Amino acid sequence: MQSIDRAMSVIKILVSDSDNWMSITELAEACNLPISSMHRLLKAMMKHGLIQQDLQSKQYSLGNSWLEYGLIMYDKMDYISQIRPELERLMNNVEESVYLSQPMGNESLIIERIDSIANPIRVYDQLGSKIPMNIGAANKTMLSFMPYQQTKKILESLLPEQEIEACWEVLKETKMNGYGISHNERTEGTTSVAAPILNHFGEVHGAVSIGFVSFNLTDDRLDFLIKNVVETGNRISKKLGYNGF
């Protein structure tokens, strides 16, 4: 188990590094390991394609196995045939960046982003970004449609006690409306609207959202974006077998 923990530490550091290439000395310091131990660990990880080494600089980066495994998982999730066309349709209709998020415990993971080439001003959230579940329209939408006990557990782990009641009020309104909305939560001057994606059991599968700049936003434009994201969430949910709409 210790080897797995150490390997995951290396992976997380390489993912978070802006250059994506690091020396063995830098990795050893970041993981608080002796260079000799880091050398053995890197050698084992290279054997399985989890990392790679540049022969000239001797620095390390993520290996191609992650791309291979990721594409396999992506294909198995059936996003290409069922969900991505709906995201593309939404992007073309609203000419804004659209996102697909999935819950992962106390966080959500952005697993798809499609940007509109017709709009040079866009909100940019990186694929693979993890966001605390109490932040953003997509996350609050997912929380509002989860079972009470699950939502309660997440909120209690993320928020101080005095903030939980106010968050519950937001979630109640979100579920009643059927969509979530947030302003300036992650980036100043931006707004996000989101709708839930439910599977055939009525469980939260994820959320589809639109991120856009708030400058000159009119009520008509906001209503248009909400209408489109809700319709997209409904269509995707129906494709996944949900019949509750």
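Use the structure listed above.
Residues numbered from 1 in each chain as written. Predicted model: local features only at pLDDT ≥ 70, side-chain atom pairs only at ≥ 80, totals over all residues. Heavy atoms only, no water.

Chemist: What's the story with the overall build of the protein in this structure? I'm lost.
Modeler: Secondary structure summary: the protein contains 9 helices and 8 strands in total. Overall, the C-alpha framework of the protein stretches about 60 × 45 × 35 Å when taken along its three principal axes. When contacts within the protein are restricted to residue pairs at least 6 apart in sequence, long-range pairs at least 24 apart make up 53% of them. Total accessible area on the protein stands at roughly 14100 Å², and carbon and sulfur atoms take up 52% of it. Each charge class in the protein can be summarised by its mean position, and for the 23 positive and 30 negative side chains these summaries are 8 Å apart. (Helix = DSSP H or I, 4+ residues; strand = E, 2+ residues; numbered from the N terminus. Contact = heavy atoms within 4.5 Å. Areas by Shrake-Rupley, 256 points an atom, 1.4 Å probe, with all protein chains shown as cover. Lys, Arg positive; Asp, Glu negative; His and termini not counted. Charge placed at Lys NZ, Arg CZ, Asp CG, Glu CD.)

Chemist: Is there a simple way to explain the pattern of salt bridges in this structure?
Modeler: Note on pairing: side chains with opposite charge can pair once their charged atoms come close. Here the structure, examined in full by the defined rule, presents 11 salt bridges. With its nearest N and O atoms 3.9 Å apart, the salt bridge here joins Glu86 to Arg89. With a gap of 3 residues between them, Glu86 and Arg89 both fall in helix α5 (residues 79–94), about one helical turn apart. Between Glu231 and Lys227 there is a salt bridge whose closest N-O contact spans 2.9 Å. Here Lys227 and Glu231 lie together in helix α9 (residues 219–239), a separation of 4 residues that amounts to about one turn. Residue Lys227 is classed as partly exposed on the basis of its relative accessible area of 48%. (Salt bridge = Lys/Arg side-chain N within 4 Å of Asp/Glu carboxyl O. Buried < 20%, exposed > 50% of the residue type's maximum accessible area, 1.4 Å probe, protein only.)

Chemist: Is there a simple way to think about the packing of helix α7 (residues 148–158) against helix α8 (residues 161–177) in this case?
Modeler: Geometry of a packed helix pair, given as the angle between the helix axes and the separation of the axes. Interaxial distance between α7 and α8 falls to 11 Å at its minimum, and their mutual angle equals 140°. Classed by the angle they form, the pair α7 and α8 counts as oblique. Our pair here, α7 against α8, has a crossing hand that is right-handed. Counted together, Tyr148, Thr151, Lys152, Leu155 and Glu156 of α7 and Ile164, Cys167, Trp168 and Leu171 of α8 form the full contact between these two elements. Tallied by class, the residues present in the contact of α7 with α8 amount to 6 nonpolar, 1 polar and 2 charged. (Axes fitted to C-alpha atoms, helices over the stretch in contact; angles between N-to-C directions. Parallel < 35°, antiparallel > 145°, perpendicular 65-115°, else oblique. Left-handed = near helix turned anticlockwise from the far one by under 90°. Nonpolar A, V, L, I, M, F, W, Y, C, P; charged D, E, K, R; others polar.)

Chemist: Before we go on, may I ask you to explain the sheet that holds strand β8 (residues 204–213) in this structure?
Modeler: Within a sheet, each strand pairs with its neighbour through backbone hydrogen bonds, oriented either parallel or antiparallel. Read across the open sheet, the 6 strands follow the order β5-β4-β3-β8-β7-β6; overall the sheet is antiparallel. Here the strands that pair on one side only, and so sit at the sheet edges, are β5 (130–132) and β6 (180–183). With direction set aside, neighbouring strand axes in the sheet form an average angle of 30°. Here strand β3 (residues 97–104) pairs with β8 via 5 bridges, running antiparallel. What sits directly across from Tyr99, in β8, is Ser209. α9 rests against β6, β7 (190–198) and β8 of the sheet, and its axis sits at about 25° to β7. (Pairing = 2+ DSSP bridges.)

Chemist: Which parts of the structure should I look at to understand helix α6 (residues 137–145)?
Modeler: In an α-helix, one turn spans 3.6 residues, which is why side chains three or four residues apart end up on the same side. For α6, the tally of buried residues reaches 9 of 9 residues, placing the bulk of the element in the interior. Turning to α6, its buried residues are Ala137, Ala138, Asn139, Lys140, Thr141, Met142, Leu143, Ser144 and Phe145.

Chemist: Help me understand the nonpolar core in this model?
Modeler: Nonpolar side chains in soluble globular proteins generally cluster together in the buried interior. Within the largest apolar cluster, 21 residues are counted, with the highest numbers of intra-cluster contacts made by Leu87, Leu90, Val98, Val193, Val208, Ile210 and Val229. Broken down by secondary-structure element, the contributors of at least two residues to this core are α5, β3, β4 (107–114), β7, β8 and α9. The residues touching Val229, leaving out its near neighbours within four places in the chain, are Leu90, Val193, Ala194, Ala195, Val208, Ser209 and Ile210. Phe145, Ile164, Trp168 and Tyr242 belong to the second-largest nonpolar core, a separate cluster that totals 19 residues. (Core = buried A, V, L, I, M, F, W, Y, C linked by side-chain atoms within 4.5 Å.)

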